[in-house]
Amino acid sequence: MTAPLLEVRNLDVSVRDKKGREFKIVDNISFDVQPGEVIALIGESGSGKTTISLACMGYTRPGCHIIGGTVQLGGTSVLDLDLPALQDLRGKDITYVAQSAAASFNGAMTIDAQVTEIPVITGTMTRDQALAKAARLYRDLELPEPESIGKRYPHQVSGGQLQRLMAAMAMISDPRLLILDEPTTALDVTTQIEVLYSFKKLIADNETAAIYVTHDLSLVAQVADHILVLKDGKMVEYGPTEQIIRNPQHDYTKALMAAAHLMPEEIHAPPALGAKEPPLLEVRNVTAGYGPAQDIIALRDINLTISAGETVGVIGESGSGKTTLGRLISGLMGAKQGGVYLDGKQLAPSVSQRSREELRQIQFAFQMADVALNPRQRLNKILGRPMMFYRGLSQSEATREVARLLERVDLPTNFAWRFPPELSGGQRQRVNLARALAAEPRLIICDEITSALDTIVAQQILDLLEDLQEELGVSYMFITHDIATVSKISERIAVMRHGRIVAQGPVNEVLTPPCHEYTQVLLNSVPEMRTDWLDEAVAERRRLVAALD
Amino acid sequence: MTDRARTWRGELREAVGDLTPGVALCLLFLIAVILVGAFAPWISPYDEAEILTNESFSSPNAEMWLGSDYLGRDVLSRLIYGVRITLFLALIITFLSFFAGVGLGFLAAAFGGRVDDWMSRLNDAMLSFPALMLALIVINSLGSSFVVLVFTIAFIDMTRVYRVARALAVNIMVMDYVEAAIVRGEGKGWIVWHEVLPNALTPLAAEFGIRFTYAILFISALSFLGLGVQPPQSDLGVMVKENMQAILYGEYTTLYPAFGIALIAISMNVLVDWLLQRSSAKLPDEI
Amino acid sequence: MSLTEILAKRLILGLLTMLFVSVLVFVGTEILPGDVAHAILGQAATPESVAHIRERLGLNEPLHVRYVVWLTNFLTGDFGTSLANGADIGTEVSRRLLNTVILAFCTALIAVPLSVLLGLWAAVRPGGLVDRIITATSLALISFPDFLVAVVLVTIFAVKLGWLPAIASIRPGYSLLDWIRVLILPVAGLTFTILAHMVRMTRSAVLNVLSSPAIEMAILKGVPRRRLLLRHALPNALGPIINVVALNLAYLVSGVVVIETLFNFPGLGRYMVEGVTNRDVPIVQTCAMIFCSFYVLLNITADILSILANPRVRYKK
């Protein structure tokens, strides 16, 4: 075995809070990266994975300090270098691909100027050489118009393309080590596998060593040779990819595996046939749009029914109109044509025209619990207000009810006196759900409520949703971009694309071939836990997309 | 994360704990100045208008700690009364401008659409007027009196407060928690009071400090031009104007009120900066 | 919307603002209770003489007619005569305007580069010694009343040291050296009234840019410090900085009035204060219109320049 390219030993990073107290956020981390090898740092938010990868470049975010350990890159001790030496190292020997390319590109410079900047200013290439190499990389990354795309400004290209352009920027100096920090997280699922595929190819073709930072175990199985699982800044498990996937040792890794975005083994049985009662909610022939005359169409000819006690999944990518549909049903926007019916009775288009009783029956749960809960209100008020507003409870009755409600969503009752910022992300999402339940609704519209959560927490929220449904018989309209999640909990689903429902029905029918081409594209994007999945999936995807357009 | 419920008392204790010595000093100074202003008649050694000596600009002595002014009145007593008037006017002005500015700003943000468009357009037009010009025009027409001063400056300040309050409220109105209240069916009043206001309080407190300082400086400037507080009444600006010639005699009578204004304003600004900094992020230390 | 459309829209908006300002100036000076006829006659007003003056000044015409006449006269350079002494306002204004422009121009010439440099210097190492000194000093300076620094300067340089005149009167036939001697203190005083604000705002505009992910990316790319600041940060900070500069130059309108009064400088600002003190309506109207136009013009310029400095607007999708 040759000497490792990168050797990290006993790395400690701490952060100082406002009061000047030190917290360790990275605790005693050691790992190696062999030449040409990809190692994945896996963990949930707050696990320290980004901090570790930045420390490998000798960089810490404001407020953080490396307090111990060593980082050796091919014999150079990175942490002992002074700033000019570090500047020399960065961009040449170690390069970085950030999570959000849209924010990380400089809006005032052309893409070419940024991609070729380092080789040109350090004199390793002439401008023309650098441009030629950039164009070659653009082609390798399968970007459109590789000759001219670099002449544009960052805001003139799409997010998926920018992410690839950032990879080109990282690869232009032929780095010895490439750091990819959640490079596909901000992308749509179906774009994600294409970008991942081009990254994988690029790394393999150039035999570059890489650190791949992500929270998604199923994705990383496709690219990594070794996996390092992190939790709260500590190392949980470290080993070859096959071993971690096939035979995880630690409970936490097992939990991560269990919660990964995979298609469930079995999907819901079709709902009981012959619905005797009229549906709870019906959306009939709705067309709607934005703008003063609703002429920017966001929804076209939508028909959807939701019966009592069932979960209907609505799935689509960003811009498909799925959130707009949820907003329309809850009265945040009106329809241009068609209408929404509750128990067969048409609902007024806007919240202000609906009766309190109508409003109570349909509740909305927002995606981001941290912005959906007023940070300056105690949970007692957040949860108590809907009870008082809809059900006419007194303050003291509401306080008693809040305690019961908190128990129901598995939170301690003394949380009633806390403010949302004092809660963890998962706890906040439970409160978010509890607020919807506080109205005793018959339908809850859940808008991507698990997307912003770490996988394990997301799984817990899904379990909670199912328990509540069993207990209370409430219906859900579950809006998401994640077909794996939706197939776990829905009885029926509707697939949306460009403002239309392209397929709908019982989940097993819609998702079992032969199905609509677009549904297949979505299904095809769900990672599988085998290392040869990606190549097959990309080949399949290209065939499908060609057929679709 | 502790289990201790956060109360306003807890927050206050936390805030006091965060005070740096410099900020604490400024806070104490402001409190002292306000007390001096409030109890001026009991504190000041002489009456502000009493002519005690026929010597102009006499040097500080045992009877008159800061010397006399151009008419032979006690500078210290006049300073104490000057602080009283300056603070009194500035406080009324700032409260008025906040009452109107925040009210209208929140109103525009809550209703949005055409109401907001027209209100904001009108406000922008008012803002295209230099503040001093507006004041001069009004004073030209109506003459200068306390009432004219207070309402004119409060109006000018209101246009600035409106802009800040509206911007704050608009940013809060797009938050999901406000949308949650809207889908629930809450009225605009409830939303503004329970959702928007609590989240706008800290920046509004900072803005209050800024506007208060501005009001002090503005009144002083007008008084200095001879268009603000009219003799025999006097504030700190009038004192500077009246005693300008003292400088030529090498006496510093003029500087006391000028530095008085500056100290009050500095303390307020330090406090505001601290308030804003308590909730802001840091920057890379490498660049 | 194309760039030309945006600019055209902004210009039209500017014109409308000017019109609004003129209406406000006119209405503010004419309709409020201080009747011009009474103002002219003062104690000597009898019903007959008031009626006579009203007739002569056209005050019996309806308001909108008078406004149109007034605006047309103003635009053609006919500013009328002073109520107090009957002197032609136009001659007086042209002489004083030049003085004020010289004063303001000298101030801008010193204050703008100085404050942008200080702001940048402070922002480059936030929390460092230079930053702390600049931040603390500018915080103190913004708290000073406009006249304080000037009063202190006069105390030191005119009274104690006797190097410079405390009064900035201008006589015909002044040589360049005389001009400089006279201008140093007012320009210094005026510079301080706008400097601190400009430094603070420049600093925070630059800091804002420096804390963006794009700059973190450039650091991680190993871009050297100099280049990081000049090539990556500055182009993005340019728009905000231009805005800061224009905003503060507009503030000169207020500063000029105070400083001219303090130094007895024969400029437009003091002319206006005298006008207000004597309730000389035509003088107030003329000066207010000139000052306000300058203010509006600067704001439009700032808007347009910062639109031009934004690549997102310059290069549309």
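Here the structure is a predicted model, which means the values were calculated and not measured. Numbering of residues starts from 1 in every chain and runs along the sequence as written. Labels follow written order: the first chain is A, the first ligand is 1, and so on. A pLDDT threshold of at least 70 governs which residues receive local features in this predicted model, and a stricter bar of 80 or more applies before side-chain atom pairs are shown or counted, although totals over entire chains, interfaces and linings include all residues.

### Details of the overall build of chain B
For the purposes of this entry, the term helix denotes a DSSP run of H or I that reaches at least four residues, the term strand denotes a run of E that reaches at least two, and both are numbered from the N terminus. On a plain count of helices and strands, chain B comes out with 12 helices and zero strands. Listing the helices and strands of chain B from first to last along the sequence gives α-α-α-α-α-α-α-α-α-α-α-α. Seen through its C-alpha atoms, chain B measures out along the principal axes to roughly 75 × 50 × 45 Å. Backbone-placed C-beta atoms define the burial measure: a residue is buried with 20 or more other C-beta atoms within 10 Å of its own, exposed with 12 or fewer, and partly exposed in between. Among the 287 residues that make up chain B, the fraction classed as buried is 48%. Here the contact rule is simple: place C-beta atoms from the backbone, and any two residues whose C-beta atoms are within 7 Å are in contact. When contacts within chain B are restricted to residue pairs at least 6 apart in sequence, long-range pairs at least 24 apart make up 66% of them.

### So, the overall build of chain C
Helices and strands together make up the secondary structure of chain C, namely 13 helices and zero strands. Scanning chain C from its N terminus toward the C terminus, one meets helices and strands in the order α-α-α-α-α-α-α-α-α-α-α-α-α. With respect to the principal axes defined by its C-alpha atoms, chain C has extents near 85 × 60 × 35 Å. Across the 317 residues of chain C, 42% fall into the buried class. A sequence separation of at least 24 residues applies to 71% of the contacts in chain C between residues at least 6 apart.

### Topic: the interface of chain C and chain A
Taken together, the 18 residues of chain C in the interface contact 23 residues of chain A. Broken down by secondary-structure element, the contributors of at least two residues to the side of chain C that touches chain A are helix H9 (213-220), helix H10 (225-263) and helix H13 (311-314) of chain C. Here the side of chain C that touches chain A takes six residues from H9(C), the largest share from any one element. Its residues assigned to classes, the side of chain C that touches chain A shows 11 nonpolar, three polar and four charged. For this classification, Asp, Glu, Lys and Arg are treated as charged, while Ala, Val, Leu, Ile, Met, Phe, Trp, Tyr, Cys and Pro are nonpolar and the rest, including Gly, are polar.

### Points about the pairing of strand S10 (residues 234-240) of chain A
Residue and element names in this part refer to chain A. Strand pairing requires that DSSP identify at least two bridges connecting the strands. Where strand S9 (residues 226-231) lies against S10, six bridges are found, and the strand directions are antiparallel. Paired with Ile227 across the bridge in S10 is Gly239. Linking S9 to S10, which pair antiparallel, is a turn of two residues; within it Asp232 sits at a positive phi near 50°.

### Re the environment of B:Leu122
By secondary structure assignment, the location of B:Leu122 is in helix H5 (residues 113-127). Sequence separation between B:Leu122 and B:Thr159 is 37 residues, and the spatial gap between their C-alpha atoms is 9.5 Å.

### Details of the sheet that holds strand S7 (residues 177-181) of chain A
Residue and element names in this part refer to chain A. Overall, mixed pairing links the six strands, which are arranged S6-S7-S8-S3-S9-S10 in an open sheet. With one partner strand each, in any of the chains shown, strand S6 (94-97) and S10 form the two edges of the open sheet. With strand direction ignored, the average angle separating the axes of adjacent strands in the sheet is 15°. As defined by bridge partners, S7 adjoins strand S8 (residues 209-214) across five bridges and the pair is classed as parallel. Residue pairing for S8: Leu177 is matched across the bridge by Ala209. Along the sheet face, helix H7 (residues 159-171) touches S6 and S7 and points at about 175° away from the line of S6. Lines fitted to the C-alpha atoms define the axes, with helices restricted to the stretch that makes contact. Angles between their N-to-C directions range from 0 to 180 degrees.

### Some words on the confidence of the model for chain C
All names here are of chain C. For chain C, per-residue confidence averages 83 on the pLDDT scale, and residues scoring 70 or more make up 91% of the total. pLDDT measures how confident the predictor is about each residue, on a scale from 0 to 100. Of all helices and strands in chain C, the one with the weakest mean pLDDT is helix H2 (residues 36-41) (62), whereas H9 scores best (91). In the predicted complex, the global pTM is 0.83; the interface-specific ipTM is 0.81.

### Some words on the nonpolar core
The term nonpolar core refers to a group of buried residues, namely Ala, Val, Leu, Ile, Met, Phe, Trp, Tyr and Cys, whose C-beta atoms join them within 7 Å. Core analysis: the largest hydrophobic core is formed by 334 residues, its most contacted members being A:Cys56, A:Ala168, A:Leu177 and B:Leu136. Tallying contributions element by element places H10(C) first for this core, with 20 residues. Setting aside residues up to four positions removed in sequence, A:Cys56 forms contacts with A:Leu6, A:Val8, A:Val71, A:Val78, A:Ile94, A:Ile179 and A:Ile211.

### Thoughts on the interface of chain C and chain B
Each side of the interface is counted separately: chain C has 50 residues, and chain B has 41 residues. Looking at the side of chain C that touches chain B, the elements with two or more residues in it are helix H1 (3-30), helix H6 (129-142), helix H7 (146-160), helix H8 (176-210), H9, H10, helix H11 (268-277) and helix H12 (281-308) of chain C. Ranked by residue count, the leading element in the side of chain C that touches chain B is H10(C), at eight residues. Its residues assigned to classes, the side of chain C that touches chain B shows 35 nonpolar, 11 polar and four charged.

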